[in-house]
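# Secondary and tertiary structure notes
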Amino acid sequence: MAEALAQGRPDAAAADRATPWVVIYLVTTGVVLLLMMLLGLLMRLVQSGWLALDHPALFYQIMTVHGTGMVGIAALGGVAVMWHFLASYVTLHRAALGINFVLFLIGVVAILWADFISGFGGAWTFLYPLPALSGGAWESGSAALHLWGLLAVGVGVLVICLEVGRAIIVGYGGLGRGLGWHVLFAGSTQNVPPPTVVASTMVVIVTTPALIAGAASLVMSPVNLYFPDVAINPLMIKNLIYFFGHTIINATIYMAVVVVYELLPRITGRPWKTTKVFLAAWTLSTTMVLVIYPHHLMMDFAMPTWALVIGQVFSYMNAFPVLVVTGLGALAILNRSGVRWDLLVTLLLISMFGWMAGVIPAVVDATIAVNSVMHNTMWVPGHFHFYLLLGLLPMIFAFMIYLARGEDVAPRGGDMAAVLYLIFGLTFTGMFLLGGWASVPRRWAVHLSEWMVYDRIATIAAAGVIVLTTIFIAMFLARIPRILRGA
Amino acid sequence: MTVQTQSLLFSFAAILVLAVVFLRVRLQRGDGEDYGPVQGRAYRIRAVFFWVLILVGLPISLWLLRAMPYASAAAGAQVVNATGAQWYWDLDREEVEAGKPVTFNVASTDVNHGFGVYDANGQLVAQVQAMPGYINRLTHTFDAPGTYRVLCPNIAGWRITT
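Presented here is an overview of the structure given in this document. (Residues numbered from 1 in each chain as written. Chains lettered and ligands numbered in written order. Predicted model: local features only at pLDDT ≥ 70, side-chain atom pairs only at ≥ 80, totals over all residues. Heavy atoms only, no water.)

## Some remarks on the interface of chain A and chain B
- Each partner contributes to the interface: chain A provides 87 residues, whereas chain B provides 72 residues.
- Here chain A packs against chain B, burying approximately 7,000 Å² in sum over the two surfaces, 70% of which is carbon and sulfur.
- Ranking the residues of chain A by area buried against chain B places Phe301, Arg336 and Trp444 of chain A at the top, with a combined share of 11%.
- Where chain A meets chain B, there are one salt bridge.
- One salt bridge in this structure joins aspartate 415 of chain A and arginine 26 of chain B, with 2.8 Å as the shortest N-O distance.
- Inspection of the chain A/chain B interface yields 19 residue pairs in polar contact (both at pLDDT 80 or more).
- Per-class residue counts for the side of chain A that touches chain B are 56 nonpolar, 22 polar and nine charged. (Contact = heavy atoms within 4.5 Å. Buried area = accessible area lost by both parts, 1.4 Å probe. Salt bridge = Lys/Arg side-chain N within 4 Å of Asp/Glu carboxyl O. Polar contact = N/O pair within 3.5 Å; in protein donor to acceptor, adjacent residues only side chain to side chain. Nonpolar A, V, L, I, M, F, W, Y, C, P; charged D, E, K, R; others polar.)

Have a look at this one:
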């Protein structure tokens, strides 16, 4: 097995990490994340029967903001992590961060206005022709504002992807070399990309077409709003929307996992080597993430059967790189390393557990026979909350803690907060999965009394998650002056 | 045992196994052991794990494809035309014979809807999406006589189609 220890650029210490921008991204991520979590708590309170809303439409407005906002801040936080570490290996232009941030803010204002003031509540999926045919729930103008806002957020992320892609092409000679194909297929040991570059290259390759597909759907839908005679094929646009959404949310984890690749070697003194197995895994992930989105369309029987078979079989195989390479790689580096389990390292460990374990209910749901009775039940938010709440977010929290400590990985303090976060998070996501088992529909505002036991336990667990998230974010916010002084 | 229960038990068991592995690493009292032997063991475990996923998991995934609900209607199936709208389902017949396949021709007059068939215990037994411009055919055999409900687990505005 060929192994090559990739090195950072010689001038890595002088790299422009754009720390003020990264801090702005993380502050925004933290604040919006807390607000979105509170909206999530509100929804669970309503489903628990512990809180009554004046109008059921408000539940769907909250749900739309919660779903869209969480994807937005997952991307913002993921970009912050990826940018910070990638800047050691390639030359990035920070103007892209500024453009993305301005577009993000414009998009957020538009979406908040459209949803909470104008009443749009068509979910992040904005499935055609629902934006135009709300049954009187909202006006076309509010739907258009939401869609334009989402387009602004998407274009901002596309700017980041193009800049990261440009930098990797310039620094490594092409995206294929960024994925290490010259090592994987030609046995080269020259200019071996480190894991951070490999992951970032994958993000560029999968996210760019997904954002273009999303942008296409976000332009087509308003056209239909303004000119109803211009009809869109509902199945085609559903494919575009799920290709967009599925790929983007997966890409946010691939952005954030860079913090694991970068910090575990520094903490343990054990390198994360760019092996051929590692490169093969990322190439497989790159391919499979692009083709497995039909697992969202398994109950659309008009889809070609072969596409749905790919959705099932490749979804299963897409778990291999996560489980076999990144997950086991992290465990190997930590095993018997003598590391002291402080907040930073335990958050990184939890993030690997959350990602790996979250894959399991995801693969189960991507099995057609299971999807027939689990699709659009609580099982679905169960699986994605699992790998986002316990996978992605601990990666971002770990990055915040790392910056707050002045990029020093020396252990300090205990890890009780991380352990509690895991316990509350597991309880919260477990209740979603149990709700799926009980066939509870995922998007009902009002629940039957027999379902409320899951809702109520989840509500309590959600409150615990929010308290601990507040602690992690406060630890970061309190150290911002110090971080900026060191920038 | 229902598909839901099998899925839940499998998922929780697999997550539990994974949790035990992570807990073991977390509780391990290492003293900064040389990485070489640790890495060698990890590579061996990885190889075994990989081949188990390929040789055991992949055939199971392929085997499960036999239960796909996309087959064309069985000969002599009872036919029910179901049309979804904001916010109701219209069925052209409401009684079918148990033990014989039923084909639901599921359509929508406006937006996407979910066509979820629930049994008397509130368990989802079959479903399909309804999409404007398409007719999705769902064939299901009701093994037990009883009253079933059609509910929409999808978003179709702020009300739910029932």
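The structure having been displayed, the exposition proceeds.
## Thoughts on helix 3 (residues 95-117) of chain A
Residue and element names in this part refer to chain A.
- Relative to the 33 Å expected for 23 residues at 1.5 Å per residue, helix 3 spans 32 Å between its end C-alpha atoms, a close match to the ideal helical length.
- If you check which residues of helix 3 are buried, you get Ala96, Leu97, Gly98, Asn100, Phe101, Phe104, Gly107, Ala110, Ile111, Ala114 and Asp115.
- The inward-facing, buried residues of helix 3 abut helix 1 (19-48), helix 2 (56-86) and helix 4 (140-172).
- Taken from the residues just after helix 3, glycine 119 is the one with a positive phi, measuring 95 degrees. (Helix = DSSP H or I, 4+ residues; strand = E, 2+ residues; numbered from the N terminus. Expected span 1.5 Å × (residues − 1). Buried < 20%, exposed > 50% of the residue type's maximum accessible area, 1.4 Å probe, protein only.)

## Describing the sheet that holds strand 2 (residues 88-91) of chain B
All names here are of chain B.
- With respect to topology, four strands assemble into an open sheet ordered 2-1-3-6, the strand pairing being mixed. Unpaired on one side and paired on the other, strand 2 and strand 6 (136-141) mark the two borders of the sheet. The sheet shows a mean angle of 25 degrees between the axes of neighbouring strands, taken without regard to direction.
- Bridge count for strand 3 (residues 101-108) against strand 6 is six bridges, and the pairing is antiparallel. Bridging from a neighbouring strand, valine 102 pairs with histidine 140 of strand 6. (Pairing = 2+ DSSP bridges. Axes fitted to C-alpha atoms, helices over the stretch in contact; angles between N-to-C directions.)

## Looking at the pattern of salt bridges
- Within this structure, the stated rule accounts for eight salt bridges over all chains.
- Between lysine 238 of chain A and aspartate 300 of chain A there is a salt bridge whose closest N-O contact spans 2.9 Å. Of the two residues, lysine 238 of chain A sits in helix 8 (residues 234-256) while aspartate 300 of chain A sits in the loop between helix 10 (276-291) and helix 11 (305-317), which places them 62 residues apart along the sequence. Accessibility classification places lysine 238 of chain A together with aspartate 300 of chain A in one group, the buried group.
- One salt bridge in this structure joins glutamate 97 of chain B and lysine 100 of chain B, with 3.7 Å as the shortest N-O distance.

## With respect to unusual backbone geometry
Residue and element names in this part refer to chain A.
- Residue proline 129 is reached from tyrosine 128 by a cis peptide bond, and omega for that bond is 5 degrees.
- Position of proline 129 relative to the elements: it lies in the loop between helix 3 and helix 4.
- Even without being glycine, alanine 123 reaches a positive phi, approximately 70 degrees.
- For alanine 123, the location among the structural elements is in the loop between helix 3 and helix 4.
- Note on alanine 123: relative accessible area 3%, which makes it buried.
- Backbone geometry places asparagine 191, a non-glycine residue, at a positive phi of 50 degrees.

## Some remarks on the environment of leucine 26 of chain A
All names here are of chain A.
- For leucine 26, the location among the structural elements is in helix 1.
- C-alpha of leucine 26 to C-alpha of valine 170: the two residues are 144 residues apart in sequence and 27 Å apart in space.
- Every residue in contact with leucine 26, bar those within four places of it in the chain, is listed here: Ala80, Ile396, Phe399, Met400, Leu403 and Phe476.

## So, the sheet that holds strand 5 (residues 124-130) of chain B
Residue and element names in this part refer to chain B.
- The antiparallel open sheet is built from three strands, whose spatial order is 5-4-7. Of all the strands in the sheet, just strand 5 and strand 7 (149-151) have a single pairing partner and so form its edges. Shown here is a sheet whose adjacent strand axes are inclined to one another by a mean of 20 degrees, direction ignored.
- Across three bridges, strand 4 (residues 113-118) lies against strand 7 in antiparallel orientation. Paired with valine 117 across the two strands is valine 150, which belongs to strand 7.

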